[in-house]
Amino acid sequence: MVWKREGVQVFRREIYRGIHVDYWIAIVFFFFFTANMKLIVSRLHCTRFASLRHFSAKPKAVLDDAVSTSISNNEMKYRHHPGVIARTPVFPKWALKEIHDVLKEKRIVLKDINESAKKLVQHLNKRHPPLEQHMLPEKLLKVVDRLNLNNPGEGITMEDIDFKKDAKSRIILKQNVYNWQPINFDKLTCLTYLVARGVQNYAVLHRIFDEIKLRDKDFRPQTLFDFGSGVGTVMWAASEIWSNTLKEYFCVESSESMIELSERLAKAARPKIKEVYYRQYFPLSMNRTYDIVVSAYSLFELPGMASRIETLLKLWTKTENYLIIVEEGTNAGFKLVNEARSFILKYANSKRRRGTQFAHVFSPCPHDLKCPRFITDDTPCNFNVLYHPMQFLGGSKHKPELYSYVVLKKSKRPEDDKQWPRIVRAVLNRNNHTICRMCTNSGELKEEIFTKYKHGRHMYRCAKTSKWGDRLPLHFEQQESPEDVETVSEIATKNEENT
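Residues numbered from 1 in each chain as written. Predicted model: local features only at pLDDT ≥ 70, side-chain atom pairs only at ≥ 80, totals over all residues. Heavy atoms only, no water.

1. Some details on the pattern of salt bridges
- In total, this model carries 15 salt bridges according to the counting rule given.
- Across the pair Arg215 and Glu211 runs a salt bridge, and its minimum N-O distance is 3.1 Å. Here Glu211 and Arg215 lie together in helix α7 (residues 187-215), a separation of four residues that amounts to about one turn.
- A salt bridge links Asp216 to Lys409, with the nearest nitrogen and oxygen atoms 3.1 Å apart. Here Lys409 lies in strand β9 (residues 399-409) and Asp216 lies in the loop between α7 and β2 (223-227), a separation of 193 residues in the sequence. Taken individually, Asp216 and Lys409 each receive the classification buried, so the pair is uniform in this respect.
- Three or more residues joined by partner-sharing salt bridges are found here, namely Glu98, Glu105 and Arg264. (Salt bridge = Lys/Arg side-chain N within 4 Å of Asp/Glu carboxyl O. Helix = DSSP H or I, 4+ residues; strand = E, 2+ residues; numbered from the N terminus. Buried < 20%, exposed > 50% of the residue type's maximum accessible area, 1.4 Å probe, protein only.)

What follows is the structure, encoded as structure tokens:
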């Protein structure tokens, strides 16, 4: 037993001695290796970062030169840069007084009509266009699938469903098929619409007209065509923006009660609205043209896509310069506006047309390509404007109104058009940085984080003071291209040779 213990102890001492020697050899080798590699790696890494630090594949946002010069010379304030649109249009005092007098003459209880106005607004916000016939079979198949899901094993087909007798099938059908009906604008409904939508419609149209006047300073319209004129808010806003030049207004409105109400309000307008002509139907003669043609909140009243396309074609033929389409800022409203935008651009720029004609999107899009919002997601491309509700109806605070619109101009896009990006969502002001979501002239949605360090003080402050719906006076510059930068392998080869 003794020799075994001595043998084990000798064996352990030899192992420890070997490990000890190997340990010191490893330490010496490690320090020798790191001492030599440290110089090579440090040179390699330093050279690499020095060559690549200024390279970025992301284009850089640069403030417009003219705007930058004006701000530097104290000729312009940040919050008044040329991309800013009017914030909160003021509703005319004469209109408030006249509306109050009309309700008083008709002996309308303000509380009752206020409640009716809220219900009408809810109905308009939830409204959808009528279902097209080619989409009906798809909706009916959804009803069959739903019934089979609730009644497994029965194998229900379309022939087995009797919508007159089966209450469940009727309920499912109503959930999948919107029951569109045109609004009957009698006298009471006209007054309700005036209370519910008068201020909002005026604020939206005033802002759109104000942008046209701001950007197209040489445009002095003399005639205006208003399709679906309603209570006349388009005339009120246009007469205030171009009070010195507009001389004639042509209004198409199918409701007699609405025409009577609009005539009374137009007589009380300040500044005075001059020549106004009303028709219940679209004029037969298409020879006469107008400087501005507007369709505001009227496409939902048409019975289908064919009727909408026919109307848009007539409106485009009627305009000499601008065609303006405005709808609710909902998904349904945005789809109708985008439908009108796509049709006019395809029609005007079609190579098969006999006569040469051009069209481009003046606002809000900085491009004539397909709408990126419509392609990428289900979020509507809409904007908001603040308005002050009528005080005699209990309005005390400003409220936002969402709307979708497009302004099409009957001409080529000017060569000097800078096509500044449009802010399509609320600007997020954070600590030392500002986030803007924009639609660019390349037809893409882009999110940019602006800081003083990266973009400069002027660009950062312009972005910070901008709001949803404004244009940012900037362009994107492509950074140094990858072909101009040495690759990492080339740098490593040179460093090895130098070493």
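We are not done yet, so read on.
2. What to know about the packing of aromatic side chains
- Following the criterion strictly, the structure yields 18 aromatic pairs and no others.
- On the basis of an interplanar angle of 75° and a centroid distance of 5.3 Å, the ring pair of Trp94 and Trp236 is categorised as edge-to-face. In this pair, Trp94 sits in helix α3 (residues 93-105) while Trp236 sits in helix α8 (residues 233-241), placing the two residues 142 residues apart along the sequence.
- You can call Trp94 buried: its relative accessible area is 14%. (Phe/Tyr/Trp six-rings, centres within 6.5 Å; stacked < 30°, edge-to-face > 60°.)

3. Some points on the nonpolar core
- In this structure, Phe209, Trp236, Trp242 and Ile324 are the most contacted members of the largest nonpolar core, which totals 70 residues.
- Among the elements that make up this core, the one with the highest residue count is α7 (14 residues).
- Excluding residues within four positions of it along the chain, Phe209 makes contact with Val234, Ala237, Ala238, Ile241, Trp242, Val294 and Ile324.
- Listed in part, the 27 residues of the second largest apolar core include Phe227, Leu312, Ile325 and Ala332. (Core = buried A, V, L, I, M, F, W, Y, C linked by side-chain atoms within 4.5 Å. Contact = heavy atoms within 4.5 Å.)

4. Structural notes on α8
- The buried count for α8 comes to eight of nine residues, which makes it a mostly enclosed element.
- Thr233, Val234, Met235, Trp236, Ala237, Ala238, Ser239 and Ile241 are the residues of α8 that are buried.

5. Considering a positive patch on the surface
- Where like charges cluster on the molecular surface, the positive patch consists of Lys452, Arg457, Arg461 and Lys464.
- Element by element, the count of residues in the positive patch is highest for helix α14 (residues 457-465), at three residues. (Patch = residues over 30% accessible without salt bridge, like charges linked within 9 Å, V, L, I, M, F, W, Y side chains within 5 Å. Areas by Shrake-Rupley, 256 points an atom, 1.4 Å probe, with all protein chains shown as cover. Lys, Arg positive; Asp, Glu negative; His and termini not counted. Charge placed at Lys NZ, Arg CZ, Asp CG, Glu CD.)

6. Regarding the confidence of the model for the protein chain
- In this model, the protein chain carries an average pLDDT of 84, and 83% of its residues clear a pLDDT of 70 or more.
- Confidence drops under a pLDDT of 50 for residues 1-8, and excluding neighbours within four residues, the segment shows zero contacts in the predicted structure.
- This stretch, residues 482-489, has a pLDDT under 50; its non-local contacts, to residues over four places away or in other chains, come to eleven contacts. (pLDDT = per-residue confidence, 0-100.)

7. Topic: the packing of helix α4 (residues 110-125) against α7
- Closest axis-to-axis distance for the α4/α7 pair is 8 Å, and the angle between their directions is 75°. It follows that α4 is roughly perpendicular to α7 by the angle criterion. Two secondary-structure elements touch here, α4 through Ile113, Ser116, Ala117, Leu120, Val121 and Leu124 and α7 through Leu191, Thr192, Tyr193, Val195, Ala196 and Arg197.
- Here the residues of the contact of α4 with α7 sort into nine nonpolar, two polar and one charged. (Axes fitted to C-alpha atoms, helices over the stretch in contact; angles between N-to-C directions. Parallel < 35°, antiparallel > 145°, perpendicular 65-115°, else oblique. Nonpolar A, V, L, I, M, F, W, Y, C, P; charged D, E, K, R; others polar.)

8. Describing the packing of α7 against helix α9 (residues 256-267)
- Contact geometry of α7 with α9 gives a least axis separation of 8 Å together with a crossing angle of 50°. Our classification of the angle between α7 and α9 gives oblique. Read as a crossing pair, α7 and α9 show a hand that is right-handed. Packed against α7, whose contacting residues are Lys187, Cys190, Leu191, Tyr193 and Leu194, the element α9 presents Ser257, Met258, Glu260, Leu261 and Leu265 at the interface.
- For the contact of α7 with α9, the per-class residue count stands at seven nonpolar, one polar and two charged. (Left-handed = near helix turned anticlockwise from the far one by under 90°.)

9. Let's talk about unusual backbone geometry
- In this model, Arg270 is joined to Pro271 through a cis peptide bond whose omega is 0°.
- Looking at the secondary structure, you find Pro271 in the loop between α9 and β4 (275-279).
- In this chain, Ser363 is followed by Pro364 through a cis amide linkage whose omega measures 0°.
- Residue position: Pro364 is located in the loop between β7 (360-363) and α12 (372-376).
- Look at Arg107: it is not a glycine, yet its phi comes out positive at around 60°.
- Along the chain, Arg107 turns up in the loop between α3 and α4.

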